Protein chains: 6
Amino acid sequence: MYELGVVYRNITRADRAAADGLAALGSATVHEAMGRVGLLKPYMRPIYTGAQVSGTAVTVLLHPGDNWMMHVVAEQIREGDIVVAAITAECTDGYFGDLLATSFQARGARALIIDAGVRDVKTLTEMNFPVWSKAISSKGTIKATLGSVNTPVVCAGMLVTPGDVIVADDDGVVCVPSARALATLEAARKRESLEGEKRAKLAAGVLGLDMYKMREPLAAAGLKYMD
Amino acid sequence: MYELGVVYRNITRADRAAADGLAALGSATVHEAMGRVGLLKPYMRPIYTGAQVSGTAVTVLLHPGDNWMMHVVAEQIREGDIVVAAITAECTDGYFGDLLATSFQARGARALIIDAGVRDVKTLTEMNFPVWSKAISSKGTIKATLGSVNTPVVCAGMLVTPGDVIVADDDGVVCVPSARALATLEAARKRESLEGEKRAKLAAGVLGLDMYKMREPLAAAGLKYMD
Amino acid sequence: MYELGVVYRNITRADRAAADGLAALGSATVHEAMGRVGLLKPYMRPIYTGAQVSGTAVTVLLHPGDNWMMHVVAEQIREGDIVVAAITAECTDGYFGDLLATSFQARGARALIIDAGVRDVKTLTEMNFPVWSKAISSKGTIKATLGSVNTPVVCAGMLVTPGDVIVADDDGVVCVPSARALATLEAARKRESLEGEKRAKLAAGVLGLDMYKMREPLAAAGLKYMD
Amino acid sequence: MYELGVVYRNITRADRAAADGLAALGSATVHEAMGRVGLLKPYMRPIYTGAQVSGTAVTVLLHPGDNWMMHVVAEQIREGDIVVAAITAECTDGYFGDLLATSFQARGARALIIDAGVRDVKTLTEMNFPVWSKAISSKGTIKATLGSVNTPVVCAGMLVTPGDVIVADDDGVVCVPSARALATLEAARKRESLEGEKRAKLAAGVLGLDMYKMREPLAAAGLKYMD
Amino acid sequence: MYELGVVYRNITRADRAAADGLAALGSATVHEAMGRVGLLKPYMRPIYTGAQVSGTAVTVLLHPGDNWMMHVVAEQIREGDIVVAAITAECTDGYFGDLLATSFQARGARALIIDAGVRDVKTLTEMNFPVWSKAISSKGTIKATLGSVNTPVVCAGMLVTPGDVIVADDDGVVCVPSARALATLEAARKRESLEGEKRAKLAAGVLGLDMYKMREPLAAAGLKYMD
Amino acid sequence: MYELGVVYRNITRADRAAADGLAALGSATVHEAMGRVGLLKPYMRPIYTGAQVSGTAVTVLLHPGDNWMMHVVAEQIREGDIVVAAITAECTDGYFGDLLATSFQARGARALIIDAGVRDVKTLTEMNFPVWSKAISSKGTIKATLGSVNTPVVCAGMLVTPGDVIVADDDGVVCVPSARALATLEAARKRESLEGEKRAKLAAGVLGLDMYKMREPLAAAGLKYMD
């Protein structure tokens with residue numbers, strides 16, 4: 001947020017297995033496993049449904065209406081990264097289109113998370129390059145002012161440090177600090193392993209009230225039934 | 001809006017045939033047949049397109065970030081119901097996911113209408129369990145505070161009384177008071193029966209100006225044509 | 001914005017070849033070719049994805065909650081037109097549904113651009129009649145007050161003069177003044193013809209930094225790399 | 001919400017002493033005394049600061065851009081009433097200005113609560129006629145369509161039944177159902193009577209942590225202090 | 001909206017007496033006198049209450065985050081002008097502060113209308129230089145890209161042509177096309193001359209229902225009174 | 001954002017003279033002196049106009065609708081601090097009123113910056129305890145869930161680290177990292193020292209075009225004057 005005109009080339013990426021493995025769990029389960037922290041604001045929406053990815057964050061800080069640093073961050077992408085783009089003020093312009101997506105994809109990026117707008121969404125969809133954004137807009141940008149690459153940024157209300165793990169799907173986008181990636185993967189897997197059995201019970205008509213033993217605490221809290 | 005900590009078990013549901021029959025008419029026709037009242041605010045959007053349902057409302061009032069009462073309302077669901085969830089303050093958290101949907105579906109619910117967020121939307125789509133909501137969000141909720149079940153609630157700006165009929169499709173969500181359900185069904189059917197003929201005329205190039213005999217009243221109102 | 005109660009029957013439409021040819025370029029490229037002006041606000045979204053159209057604007061100015069003039073504008077539509085609807089105040093009501101779409105389509109309209117709401121979106125989708133709107137809403141409208149047809153209007157923040165070219169796709173909606181239509185088509189085609197080569201280079205891993213020769217200006221602007 | 005074209009002349013107003021006495025407690029204390037229910041959405045703001053009122057609700061339901069029923073509700077105002085105006089759809093038009101305020105004030109109204117816009121705010125301020133509204137707008141309205149007077153309405157997300165008590169000040173607007181007015185007055189007074197002592201202690205430097213004996217429950221919940 | 005890089009030095013300003021005289025009538029009366037057109041969106045708010053101005057528009061079109069053209073427009077200001085600033089995309093940055101206000105005031109400007117942000121509001125208030133804006137923000141801007149001066153612009157949803165009359169007060173901002181300025185002044189004065197008598201009657205308790213003879217049309221429309 | 005249930009008692013506060021001295025410069029000048037970074041989103045507004053403060057940040061992270069940690073942070077306040085409150089999700093509830101303000105003020109706090117709502121604003125104004133917030137709301141909060149104190153937080157889109165300097169006035173709120181406080185003070189003073197002379201020139205009618213020598217770069221950029 002505070003450093004402009006700098007590109008950090010060497011960042012410490014989270015454990016690769018964790019970064020890759022979290023996608024399968026999905027953002028909701030990962031968010032729960034984190035203790036319900038790390039979620040970007042829910043106005044961040046995918047440009048098409050069905051994409052489910054995770055990867056290591058490389059970050060870029062841009063100015064409103066200026067996508068110059070997008071080309072700078074492209075060089076810092078490594079296989080398995082997800083680019084996280086923050087803007088120094090509110091903006092809905094289309095910072096990113098099919099040419100940049102071609103470049104990002106060639107460099108190994110799995111997705112873009114951008115707190116602004118994106119365009120060429122039809123082509124991006126055909127390319128299977130998912131983007132989570134605040135807006136879709138034809139409006140292009142100029143290339144005039146320096147931002148920064150691989151500094152900590154605030155994207156859609158959440159702090160993202162380069163190397164953190166990003167998990168994104170139809171439900172939203174979660175950031176997992178790299179130091180917590182492995183523990184979160186483990187916790188998320190444990191959560192998920194318990195869900196199959198619960199689902200079967202609920203499908204059979206068992207109530208959550210009974211399965212989670214909620215009747216007593218509800219009564220203790222004062223819940224009254226009226227006929 | 002005013003009663004907390006209470007569950008009403010016996011509610012009077014609207015006429016079943018009316019509750020079932022209104023789905024086919026769609027929310028726009030039903031809204032017209034009601035005299036253009038009953039619509040929830042248009043920020044309520046379906047999580048996937050194409051669903052078209054109607055059913056009897058069971059209501060639940062929840063606190064921000066707390067979905068405890070979702071498990072309480074599950075027990076009150078009967079075949080053909082639609083759950084209408086209101087929150088005591090603005091909230092976009094994901095109150096509802098695939099486990100609760102499994103339970104609701106097992107109990108016979110046809111849909112959820114919630115003035116907040118929902119998650120696991122990919123799975124809900126696969127389950128064919130439609131939700132109309134204000135937001136999609138991975139953010140989970142706690143289970144700490146009592147709300148109420150089957151009291152009148154305000155959901156997305158509209159009063160919903162338990163037993164009312166809910167009609168929801170891609171155009172939005174309408175609430176039909178149970179006492180007016182049959183009359184509304186009849187009026188909506190009459191509206192629709194007239195549409196086929198109109199559509200054929202318009203498709204043949206007849207203008208609404210002529211079909212609806214608008215030229216005179218427009219001229220009377222002062223409309224001028226310039227060449 | 002200022003004239004009410006008037007219908008202009010004779011408008012000068014933009015060059016037909018330009019009006020037809022711009023669709024293929026898409027709103028983002030056209031917007032760039034215009035010098036990054038002409039875009040309607042990005043809250044204008046298509047009711048279904050994949051439509052890509054261009055055509056000549058016929059305009060209609062409506063009052064909040066009143067769609068009377070929609071029937072008046074229908075008569076002024078010619079093959080290849082796109083109807084652009086502006087409202088004198090903010091409104092999300094559903095001004096337009098399948099009957100009007102049938103009429104518009106029969107008259108030769110290619111699309112509707114409306115700074116308000118639309119309904120019957122399922123049927124409109126089946127009819128392949130695309131609409132870009134601010135909202136989707138079941139709420140119908142009355143027919144009581146005169147607006148105007150084919151006067152200049154402000155739609156979603158952009159001035160649209162009758163006869164201008166409208167270009168709309170998944171990225172948004174652009175208005176090209178009729179006097180600039182041919183030059184814009186030429187400029188947009190030139191832009192696009194250069195994109196194939198660029199895409200191939202970027203796909204091969206060439207960086208935009210090098211392809212666009214940005215390294216020097218970035219260094220001149222003071223960009224620093226840290227290891 | 002559902003009844004149009006009707007004026008109820010005889011409504012049961014809440015206990016007068018309670019309706020008058022609640023103003024002094026303020027909306028925040030009354031809201032707490034109600035069990036944290038009854039608040040209209042916080043986008044409702046006073047047109048000038050410092051007003052603090054309470055009174056009995058007479059309600060009016062209006063259409064977007066149409067203030068005809070404002071003249072109808074004026075006749076139903078009695079000394080000590082507050083007019084609560086709801087609209088059948090979102091609207092920011094200026095439904096109310098100095099002429100209507102003169103009439104309302106002459107009839108004994110203490111304030112207007114309107115889920116839309118208001119104008120002539122400079123004159124209203126000089127007249128000491130407070131309004132809580134969603135917007136301020138010069139845009140006038142027409143007089144064409146029937147709404148209703150003294151039916152239950154949803155205003156800014158809250159159900160208001162004619163005769164309920166409205167409490168409004170700089171913090172917002174609360175609705176107290178008439179049946180709960182006296183009990184709420186009592187509970188609010190009790191809350192307030194305890195505040196003086198607390199304020200003195202806190203001003204003397206005593207911490208809420210100690211005054212409310214929170215240290216133990218915080219530790220029990222797992223709070224950790226780090227040096 | 002469409003022309004960039006141009007400054008028009010010679011514009012035709014509206015009749016001076018009309019431009020000066022409209023302030024006293026206020027934006028609400030002027031808007032009515034115009035036939036309820038011409039209002040900028042109601043999100044435009046004054047930075048302090050009580051200012052009431054009118055004057056001739058000089059326009060400036062700016063890019064997001066770039067106030068370079070503000071210095072260009074300063075030179076085009078004449079005594080009695082009001083600067084109307086539009087932005088090519090949504091932006092809340094603080095384009096204007098006390099230094100520019102000093103310059104504008106020295107050139108004879110009466111106010112600024114800006115569809116973006118402003119800063120130094122405390123000093124502007126002390127200087128009695130009123131601004132109507134979308135936002136207040138400390139965020140400064142750069143000087144890098146050409147816009148235009150004295151071309152038609154869309155500001156807060158309304159077309160403003162250089163030389164038009166702007167009327168602004170606590171209720172909002174209205175644009176009166178220069179050709180209609182005199183007629184509007186006359187119509188607004190007639191409206192106002194009738195208000196004193198009406199106000200006296202309403203203050204005496206006469207109802208609008210009777211004063212405006214609404215009882216019959218209301219009954220004709222079907223209004224029913226219930227006891 | 002990521003750590004819950006922890007209170008850091010020992011934080012390194014920014015240089016006191018810098019923390020105290022920045023108030024006089026104001027948020028706009030400080031923001032410029034920082035290189036146009038550090039601004040919280042402009043929806044953060046003061047509850048009354050005219051307050052201008054700076055101080056060292058103590059931070060608190062709260063859950064939606066839960067102000068328990070407000071009492072915990074009170075104990076960590078030292079003379080000259082400003083409390084910065086962030087919430088784990090969007091919320092407009094009134095977390096803070098006159099009792100907490102009494103406590104904060106007794107502990108030496110100069111202000112509260114909160115990305116949520118506040119209440120008792122009339123009393124807070126009388127107490128001269130300024131608050132910058134997203135909303136004003138009567139809605140109270142519960143005390144049930146642990147957050148944290150003096151961890152880095154994201155407040156209104158900006159990262160705030162405990163000990164940073166907060167500068168707030170009518171224009172907004174800026175965060176200055178503690179390591180940059182002294183340099184920023186110096187840079188801001190230099191900026192301001194140049195303003196008096198500029199203001200005098202502009203007041204005398206000198207144009208910014210000449211004072212800043214902009215005519216040449218504008219011409220070089222292609223600006224054209226038309227008569």
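Everything numeric in this text was worked out from a predicted model, so none of it was measured.

Asks: Explanation requested: the overall build of chain A in the structure shown.
Replies: Helix and strand content of chain A: eight helices and twelve strands. Burial status across chain A gives 64% buried among its 227 residues. If you sum the accessible surface of chain A, you get close to 7500 Å²; carbon and sulfur atoms cover 51% of it. A distance of 2 Å separates the average location of the 24 positive side-chain charges in chain A from that of its 25 negative side-chain charges.

Asks: Looking at this model, I keep getting lost on the pairing of strand β4 (residues 81–87) of chain C. Mind explaining?
Replies: Note on strand geometry: in a regular strand, side chains alternate between the two faces of the sheet. Residues and elements named next belong to chain C. Burial runs high along β4: seven of the seven residues are buried. Across the two faces of β4 the burial is the same, with Asp81, Val83, Ala85 and Ile87 and Ile82, Val84 and Ala86 all buried. Pairing between strand β3 (residues 53–62) and β4: seven bridges, direction parallel. In the strand pairing of β4, Thr59 is matched with Val84. On the question of chirality, the crossover connecting β3 to the parallel β4 by way of helix α3 (residues 68–76) is right-handed. Here β4 pairs with strand β5 (residues 111–118) via four bridges, running parallel. Bridge pairing links Ile82 to Ala111 in β5.

Asks: Where do I start with the relation of the copies chain A and chain C in this structure?
Replies: The relation between the two copies of this chain is a rotation about an axis and a shift parallel to it. For the pair chain A and chain C, the relating rotation is 120°, the translation along its axis is 0.0 Å, and the fit reaches an RMSD of 0.0 Å. Both copies of the chain, as the preceding transformation shows, are related through a three-fold rotation axis.

Asks: Can you walk me through the pairing of strand β3 (residues 53–62) of chain A in this structure?
Replies: Residues and elements named next belong to chain A. With respect to burial, β3 is a largely interior element, ten of its ten residues being buried. Alignment of β3 against strand β10 (residues 165–169), held across four bridges, turns out to be antiparallel. When the sheet's bridge partners are listed, Val53 is paired in β10 with Ala168. Bridging between β3 and strand β7 (residues 148–149) involves two bridges; their strand directions are antiparallel. Each bridged residue has a counterpart across the sheet, and for Leu61 the counterpart in β7 is Ser148.

Asks: Can you help me understand the arrangement of the chains in this one?
Replies: Note that chain B does not reach chain E: the shortest distance linking a C-alpha of one to a C-alpha of the other is 14 Å. When C-alpha atoms are compared, chain C and chain F, though not in contact, are closest at a spacing of 14 Å.

Asks: How should I be thinking about the environment of Val6 of chain D in this particular structure?
Replies: Here Val6 of chain D shows up in strand β1 (residues 6–8). Between the C-alpha atoms of Val6 of chain D and Ser148 of chain D, which are 142 residues apart in sequence, the distance is 4.9 Å. Not counting residues within four places of it along the chain, the set of residues in contact with Val6 of chain D comprises Gly147, Ser148 and Val149 of chain D together with Leu223, Lys224 and Met226 of chain E.

Asks: Would you mind showing me how to read the packing of helix α3 (residues 68–76) of chain D against helix α4 (residues 98–107) of chain D here?
Replies: A packed helix pair is summarised by two numbers, namely the angle formed by the two axes and the spacing between the axes. All names here are of chain D. With their axes 9 Å apart at the nearest point, α3 and α4 run at an angle of 15° to one another. With respect to α4, the axis of α3 lies roughly parallel. As α3 packs across α4, the resulting crossing turns out to be left-handed. Along its contact with α3, which presents Met70, His71, Val73, Ala74 and Glu75, the element α4 presents Leu100, Ser103, Phe104 and Arg107. Of the residues belonging to the contact of α3 with α4, the class tally is five nonpolar, two polar and two charged.

Asks: Please clarify how the pattern of salt bridges should be interpreted in this entry.
Replies: For side chains of opposite charge, pairing can occur when their charged atoms come near one another. Applying the stated criterion across every chain yields a total of 78 salt bridges over all chains. Lys41 of chain A is paired through a salt bridge with Glu90 of chain F; the nearest N and O atoms lie 3.0 Å apart. One end of the pair, Lys41 of chain A, is in the loop between α2 (27–33) and β2 (45–46); the other, Glu90 of chain F, is in the loop between β4 (81–87) and α4 (98–107), on a second chain. Put simply, Glu32, Arg36 and Arg191 of chain A together with Arg119 of chain B are held in one network by salt bridges that share partners.

Asks: Whenever I open this one, the side chain of Thr184 of chain A confuses me. Can you help?
Replies: Mapped onto the secondary structure, Thr184 of chain A falls in helix α6 (residues 181–203). Once residues within four sequence positions are removed from consideration, Thr184 of chain A is found in contact with Leu22, Val30, Ala33, Met34 and Val176 of chain A.

Asks: Sorry if this is basic, but what is going on with the interface of chain A and chain C here?
Replies: You'll often see interface size given as the accessible area lost when the parts meet. Counting residues at the interface gives 33 residues for chain A, matched by 35 residues for chain C. Roughly 3100 Å² is buried in total at the junction of chain A and chain C, and carbon and sulfur atoms are behind 59% of that figure. The partner of Arg119 of chain A in a salt bridge is Glu32 of chain C, and the shortest N-O contact between them spans 2.9 Å. Across the contact surface, chain A and chain C share 15 residue pairs in polar contact (both at pLDDT 80 or more). Looking at the side of chain A that touches chain C, the elements with two or more residues in it are β1 (6–8), α3 (68–76), α4 (98–107) and α5 (121–126) of chain A. Sorting elements by how many residues they give to the side of chain A that touches chain C places α3 of chain A first, with seven residues. Residue composition of the side of chain A that touches chain C, by class: 13 nonpolar, eleven polar and nine charged. In this structure, β1 of chain A lies alongside strand β12 (residues 224–226) of chain C, joined through three bridges in parallel fashion. Its bridge partner being in β12 of chain C, Tyr8 of chain A is matched across the sheet by Met226 of chain C.

Asks: Would you explain the interface of chain A and chain B in this entry?
Replies: The interface is formed by 35 residues belonging to chain A together with 34 residues belonging to chain B. Summing both sides of the interface, chain A and chain B together bury roughly 3100 Å²; the carbon and sulfur share of this comes to 59%. Taken together, the connections running from chain A to chain B amount to four salt bridges. At the surface where chain A touches chain B, the tally comes to 14 residue pairs in polar contact (both at pLDDT 80 or more). With five residues, the top contributor of residues to the side of chain A that touches chain B is α6 of chain A. For the side of chain A that touches chain B, a count of residues per class yields 16 nonpolar, eight polar and eleven charged.

Asks: How should the nonpolar core be read in this particular structure?
Replies: As a rule of thumb, soluble globular proteins bury nonpolar side chains together. Ranked by size, the top nonpolar core spans 80 residues in total, and within it Met70, Phe96, Phe104, Leu112 and Ile113 of chain D carry the most contacts. In contact with Met70 of chain D, not counting residues within four places along its chain, are Val60, Leu62, Ala85, Tyr95, Phe96, Leu100, Phe104, Leu112 and Ile114 of chain D.

Asks: Looking at this model, I keep getting lost on the side chain of Arg119 of chain B. Mind explaining?
Replies: Among the secondary structure elements, Arg119 of chain B is positioned in the loop between β5 (111–118) and α5 (121–126). Engagement of the side chain of Arg119 of chain B in a polar contact is seen with the backbone oxygen of Ser138 of chain B, the distance being 2.7 Å. Setting aside its immediate chain neighbours within four residues, Arg119 of chain B contacts Ala28, Glu32 and Asp171 of chain A together with Gly94, Phe96, Gly97, Leu124, Ser137, Ser138, Lys139 and Gly140 of chain B.

Asks: Honestly, helix α4 (residues 98–107) of chain C in this entry has me stumped. Any pointers?
Replies: It helps to recall that an α-helix has 3.6 residues per turn; residues three or four apart then point in one direction. Along α4 of chain C, seven of the ten residues are buried, which leaves the element largely enclosed by surrounding structure. Listing the buried residues of α4 of chain C in full gives Asp98, Leu99, Leu100, Ala101, Thr102, Ser103 and Phe104 of chain C. Buried positions along α4 of chain C lie against α6 (181–203) of chain B together with α3, β4, β5 and α5 (121–126) of chain C. Backbone geometry just downstream of α4 of chain C places Gly108 of chain C in the positive-phi region, at approximately 105°.

Asks: I'm lost on the environment of Gly208 of chain D in this one. Help?
Replies: Relative to the helices and strands, Gly208 of chain D resides in helix α7 (residues 208–211). Given the relative accessible area of 2%, Gly208 of chain D is considered buried. Distance from Gly208 of chain D to Ala144 of chain D, taken between C-alpha atoms, is 57 Å for residues 64 residues apart in sequence. Leave out the neighbours within four places in its chain, and Gly208 of chain D touches Leu202, Lys213 and Met214 of chain D together with His71 of chain F.

Asks: It is not clear to me how the packing of aromatic side chains should be interpreted in this structure. Could you clarify?
Replies: Two aromatic rings are characterised by how far apart their centres lie and by the angle between their planes. In total, this model carries twelve aromatic pairs over all chains according to the counting rule given. One aromatic cluster is present, built from ring pairs that chain together Phe96, Phe104 and Phe129 of chain A.

Asks: Mind showing me how you'd approach unusual backbone geometry here?
Replies: Note on backbone geometry: most residues besides glycine have negative phi, and most peptide bonds are trans. Notably, Asp120 of chain D is not glycine yet its phi reads approximately 60°, a positive angle. On the basis of relative accessible area, Asp120 of chain D is assigned to the buried category, the value being 18%.

Asks: How should the environment of Ala156 of chain F be read in this particular structure?
Replies: Residue and element names in this part refer to chain F. Mapped onto the elements of the fold, Ala156 is located in the loop between β8 (153–155) and β9 (158–160). Accessibility expressed as a relative area gives 1% for Ala156, which makes it buried. C-alpha of Ala156 to C-alpha of Ser103: the two residues are 53 residues apart in sequence and 24 Å apart in space. Every residue in contact with Ala156, bar those within four places of it in the chain, is listed here: Leu40, Lys41, Tyr43, Met44 and Asp115.

What counts and what doesn't
Residues numbered from 1 in each chain as written. Chains lettered and ligands numbered in written order. Predicted model: local features only at pLDDT ≥ 70, side-chain atom pairs only at ≥ 80, totals over all residues. Heavy atoms only, no water. Helix = DSSP H or I, 4+ residues; strand = E, 2+ residues; numbered from the N terminus. Buried < 20%, exposed > 50% of the residue type's maximum accessible area, 1.4 Å probe, protein only. Areas by Shrake-Rupley, 256 points an atom, 1.4 Å probe, with all protein chains shown as cover. Lys, Arg positive; Asp, Glu negative; His and termini not counted. Charge placed at Lys NZ, Arg CZ, Asp CG, Glu CD. Pairing = 2+ DSSP bridges. Right-handed = clockwise from strand over helix to strand, strands pointing away. Least-squares fit on C-alpha atoms with pLDDT ≥ 70 in both. Contact = heavy atoms within 4.5 Å. Axes fitted to C-alpha atoms, helices over the stretch in contact; angles between N-to-C directions. Parallel < 35°, antiparallel > 145°, perpendicular 65-115°, else oblique. Left-handed = near helix turned anticlockwise from the far one by under 90°. Nonpolar A, V, L, I, M, F, W, Y, C, P; charged D, E, K, R; others polar. Salt bridge = Lys/Arg side-chain N within 4 Å of Asp/Glu carboxyl O. Buried area = accessible area lost by both parts, 1.4 Å probe. Polar contact = N/O pair within 3.5 Å; in protein donor to acceptor, adjacent residues only side chain to side chain. Core = buried A, V, L, I, M, F, W, Y, C linked by side-chain atoms within 4.5 Å. Phe/Tyr/Trp six-rings, centres within 6.5 Å; stacked < 30°, edge-to-face > 60°.

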